[in-house]
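# A look at the structure
Chain by chain, the residues:
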Amino acid sequence: MKKILHIISSPRGEASYSIRLGRSIVEKLLVAYPGSSVKEHVLVNNHIPHLEEAQITSFFTPPQQRTSQNVEALKHSDEAIQEILDADILVIGAPMYNFSIPSTLKAWIDHIARSGITFKYDEKGPKGLIEGKKAYLAVTSGGIYSEGAMKPYDFGTPYLQMVLGFLGITDISVVRAEGTSMPDKKDTVIDTAISSMVLPMVV
């Protein structure tokens, strides 16, 4: 049994391809790991704020010196990090917005990337502190960005792979539903993406 955390970043609800793809990935994981639990975190419902002075100041205030205002400013960050630590598998919905990720997803990343908690620096350089996790990126786009002339314009997928790896999550699979705006592809992109998904061998 696994604990699966599904991060939803799209505000489009049932019309969202990334939500449909993420849930399809979760369904496939539940078949592979019967009895697993699933927690959905809908970022647009939780209103994770973009970082402001209050959060940044609180990040760097030693725990024993934090005021009640500091604690409140850290609430979203602490909760998001704990969700990740509690999970075995992350499914992260990543629709392409203007060649990158939605600002809601970037805000979530800004809250989970905390020096001394999810990464640190030592004499060898940076070291990620979130280990032993598997991540699936549910990447959706109106066009084709995994190959061809538009591939250099995909700034979202490489960024997510890099930042998750920086935090210690290096076992990452990218599941793409591409061509959601193309009439000849949009009706089959989810099935095509899921058929390409490779699960670890379950013993």
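Above this text you will find the structure in question.
Reference entry: report on the structure contained in this document. Being a predicted model, the structure only gives us computed values, none of them experimental.

Conventions adopted
- Residues numbered from 1 in each chain as written.
- Predicted model: local features only at pLDDT ≥ 70, side-chain atom pairs only at ≥ 80, totals over all residues.
- Heavy atoms only, no water.
- Helix = DSSP H or I, 4+ residues; strand = E, 2+ residues; numbered from the N terminus.
- Rg over C-alpha atoms; globule rule 2.2 N^0.38 Å.
- Contact = heavy atoms within 4.5 Å.
- Areas by Shrake-Rupley, 256 points an atom, 1.4 Å probe, with all protein chains shown as cover.
- Lys, Arg positive; Asp, Glu negative; His and termini not counted.
- Charge placed at Lys NZ, Arg CZ, Asp CG, Glu CD.
- Buried < 20%, exposed > 50% of the residue type's maximum accessible area, 1.4 Å probe, protein only.
- Pairing = 2+ DSSP bridges.
- Right-handed = clockwise from strand over helix to strand, strands pointing away.
- Expected span 1.5 Å × (residues − 1).
- Axes fitted to C-alpha atoms, helices over the stretch in contact; angles between N-to-C directions.
- Salt bridge = Lys/Arg side-chain N within 4 Å of Asp/Glu carboxyl O.

### A short note on the overall build of the protein chain
What the protein chain contains, in helices and strands, is 8 helices and 7 strands. The C-alpha radius of gyration of the protein chain comes to 18 Å, within 12% of the 17 Å expected for a compact globule of 203 residues. For the C-alpha atoms alone, the extent of the protein chain along its principal axes is close to 60 × 40 × 35 Å. Look at the contacts in the protein chain between residues 6 or more apart in sequence, and 76% of them connect residues 24 or more apart. As displayed, the protein chain offers around 10800 Å² of accessible surface, 54% of which is attributable to carbon and sulfur atoms. Side chains of the protein chain give 20 positive and 22 negative charges; the mean places of these two sets differ by 3 Å.

### A short note on the pairing of strand S6 (residues 134–141)
With 8 of 8 residues buried, S6 lies mostly within the body of the structure. Side chains Lys134, Tyr136, Ala138 and Thr140 of S6 all project onto a buried face; the interleaved residues Ala135, Leu137, Val139 and Ser141 project onto the opposite face, where all are buried too. Of the strand pairs in this sheet, strand S3 (residues 89–95) and S6 are connected by 7 bridges, and their pairing is parallel. In the strand pairing of S6, Ile89 is matched with Lys134. With respect to chirality, the unit in which S6 leads through helix H7 (residues 156–166) into the neighbouring parallel strand S7 (residues 171–178) is right-handed.

### Considerations on helix H1 (residues 17–32)
Here H1 contains 16 residues, and its C-alpha end-to-end distance of 23 Å stays within 8% of the 22 Å for a straight helix at 1.5 Å per residue. The complete set of buried residues in H1 reads Tyr17, Ser18, Ile19, Leu21, Gly22, Ser24, Ile25, Val26, Leu29 and Ala32. Against strand S1 (3–8), strand S2 (37–42), S3, S6, S7 and helix H8 (189–195) lie the buried residues of H1.

### So, the sheet that holds S1
On the basis of which strands lie adjacent, the open sheet formed by 5 strands has the order S2-S1-S3-S6-S7 and parallel pairing. With one partner strand each, in any of the chains shown, S2 and S7 form the two edges of the open sheet. In this sheet, adjacent strand axes meet at a mean angle of 15 degrees when their direction is disregarded. Contacting S1, S2 and S3, helix H5 (residues 75–86) crosses the sheet at an angle of about 140 degrees to S1.

### Observations regarding the pattern of salt bridges
Under the definition given, this model contains 9 salt bridges. In this structure, the salt-bridge partner of Asp110 is Lys106, at a minimum N-O distance of 2.8 Å. One end of the pair, Asp110, and the other, Lys106, are both in helix H6 (residues 103–112), 4 residues apart, so they sit about a helical turn from each other. Given a relative accessible area of 24%, Asp110 falls into the partly exposed group. Measuring nitrogen to oxygen at the nearest pair gives 2.8 Å for the salt bridge that ties Arg176 to Asp154. Here Asp154 lies in the loop between S6 and H7 and Arg176 lies in strand S7, a separation of 22 residues in the sequence. Of the residues examined, Asp154 reaches a relative accessible area of 8% and is grouped as buried. The network of salt bridges with shared partners includes Glu14, Arg23 and Glu40.

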